[in-house]
Amino acid sequence: MSAIQLLKELIKASEKAANIARVCRQDEHLFGLLIQEKPKDEANARFEHDFKTLADCLIQESVKYDIGKLFPELRKNIRGEENPNFTNTCGESVVISVSDDRNETTENLQKVLNGDKTAALRLIDEVYREIDVDEDKWQIPNESVSLDHEITELGIWIDPIDATAEYIQAKEKYSKFPNIMASGLKCVTVLIGVYETAQGNPIIGVVNQPFANEPETNEFEGKVYWGLTIGDLKYNNIVSVETEEKIAVLSPTEQSKYVEFLKKQLKYDIIYSSGAGYKILKVCTGEAELFLLSRANTYKWDTCAPQAILRSLDGELFDLQDTLVNKSLKKISYRDTKITRNTGGLIAYRNIEKFKDFLKL
């Protein structure tokens, strides 16, 4: 099977996801209907409140439908963050689903939206919209690259909207480095990562920033980043940003002992930012040298896609605690699908030699 063809379809799926996210966020009528707090057994323990939106659920199910339709053998191995159960304001529980029958999907959405057909049809237009392939814009290779694995030996992790809180609140805040946002819609990403199940290595990653640019028309435009590693072959569309600054990008809730060590001992400029996908992306682009997260509050759907891009750049995402304690350079793996949490925290470097220097200290 062609790895490039699979990459194209993943990018198309991410762009459809980005369209849905933009439509939901920019339509006041829609957005007011869509937010729902997650139950305690689904919520992220780091946040006092955690939210899911219909956009999250609908994006996830749309990606699963589109990819599963084209690659039926993959369907059972496509997993995502969100539980597709959604409860409308009347208390009726509805399972979000996308099918070949447009009318059936419309009726399903109308139930979630309490019979609001106008809103349902607005979303349905995006769910069934054909996405054109823009090979020049997305910088897709034109050579033939075959996958090393059978399609049944692959799995996919989806995070339909990473940084949901930023998506909802949309409080734009810049850090002291203008290319790295502290918070806001630019921190929001759609993450689709493919991994091979035998060893658990991510091999294809697509990170879509739905709100990357806001032109004068106030219509947001997105940006797509991708990386592909097949054996010794590595491809990506990353344009590296040259910087003389030594930047570590961290979560605002990072433990003070790590912050002080990075700042005082290693002389890093510390930037606090939102969204695991966004922060790892900044390491991919070279705008940050290091991403560190000591707490166990990310999941496989947060890391699979950006880690695949890192690997295509000869970088890597490691288990922080195992690395510090055992010096084993344990990579984040996706082999065991029953383990969804990254329990040892994370550390990401694009330059492995600089990572080794970090370990010596």
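Residues numbered from 1 in each chain as written. Predicted model: local features only at pLDDT ≥ 70, side-chain atom pairs only at ≥ 80, totals over all residues. Heavy atoms only, no water.

As for the sheet that holds strand β11 (residues 221–230)
Here 6 strands make up an open sheet; going across it, the order is β3-β6-β9-β10-β11-β12 and the pairing mixed. With partners counted over all chains shown, the strands left at the sheet margins are β3 (78–80) and β12 (233–236), one partner each. Averaged over all adjacent pairs, the angle separating strand axes in this sheet is 10°, with direction ignored. In terms of strand pairing, strand β9 (residues 189–196) meets strand β10 (residues 202–213) through 6 bridges, oriented antiparallel. Bridging from a neighbouring strand, I192 pairs with V206 of β10. Helix α3 (residues 54–70) contacts β3, β6 (154–162) and β9 of the sheet and is inclined by roughly 150° relative to β6. Against the sheet, helix α10 (residues 300–312) makes contact with β3, β6, β9, β10, β11 and β12, and its axis sits at roughly 105° relative to β10, the strand it touches most. (Pairing = 2+ DSSP bridges. Helix = DSSP H or I, 4+ residues; strand = E, 2+ residues; numbered from the N terminus. Axes fitted to C-alpha atoms, helices over the stretch in contact; angles between N-to-C directions. Contact = heavy atoms within 4.5 Å.)

Overview of helix α8 (residues 256–265)
All buried positions along α8 are accounted for by Y258, V259 and L262. Buried residues in α8, looked at end-on, bunch into an arc of 100°, giving them a common side. Exposed and oriented more than 90 degrees from the buried face of α8 are S256, K257, K264 and Q265. Considering only its buried residues, α8 is in contact with β13 (247–250), β14 (269–272), β15 (290–293), α11 (320–326) and α12 (352–360). Following α8 by one or two positions, K267 adopts a phi angle in the positive range, close to 60°. (Buried < 20%, exposed > 50% of the residue type's maximum accessible area, 1.4 Å probe, protein only. Arc of directions from axis to C-beta.)

Side note on the environment of E245
Position of E245 relative to the elements: it lies in the loop between β12 and β13. Given a relative accessible area of 40%, E245 falls into the partly exposed group. The spacing of E245 and T53 is 192 residues in sequence and 37 Å in space, taken between C-alpha atoms.

Let's talk about the packing of aromatic side chains
Given two aromatic rings, one states the distance between the centres and the angle between the planes to describe the pair. Counted according to the given criterion, the structure contains 10 aromatic pairs. Their ring planes at 40° and their centres at 5.2 Å tell us that Y349 and F355 sit as a pair that is tilted. Both residues of the pair, Y349 and F355, belong to the buried class. Consider the rings of F355 and F358, whose centres lie 6.3 Å apart with planes at 15°: the pair is stacked. Placement of the pair is F355 and F358 together in helix α12, with a separation of 3 residues, close to one helical turn. With respect to burial, F355 and F358 carry one shared label: buried. The rings of F261, F318, Y349, F355 and F358 are connected pair by pair, giving a single aromatic cluster. Over the ring of Y268 we find K246, and its NZ or CZ is 4.6 Å from the ring centre. (Phe/Tyr/Trp six-rings, centres within 6.5 Å; stacked < 30°, edge-to-face > 60°. Lys NZ or Arg CZ within 6 Å of the ring centre and 35° of its normal.)

Some details on the layout of surface pockets
Estimated volume of the second largest pocket: approximately 460 Å³. In terms of lining residues, the second largest pocket is bounded by 24 residues, among which Q209, A212, N213, K223 and Y225 are the most central. For the lining of the second largest pocket, the secondary-structure elements that each account for two or more residues are α6 (135–138), β10, β11 and α9 (276–284). Looking at which element gives the most residues to the lining of the second largest pocket, the answer is β11, with 4 residues. Its residues placed into classes, the lining of the second largest pocket shows 11 nonpolar, 7 polar and 6 charged. (1 Å grid on protein atoms, 1.4 Å probe; cavity = no way out; pocket = protein on both sides within 12 Å on 5 of 7 lines; lining within 4 Å. Points joined across faces, edges and corners; volume = space filled by probe spheres on them. Nonpolar A, V, L, I, M, F, W, Y, C, P; charged D, E, K, R; others polar.)

Keep in mind these numbers describe shape, not what the thing actually does.
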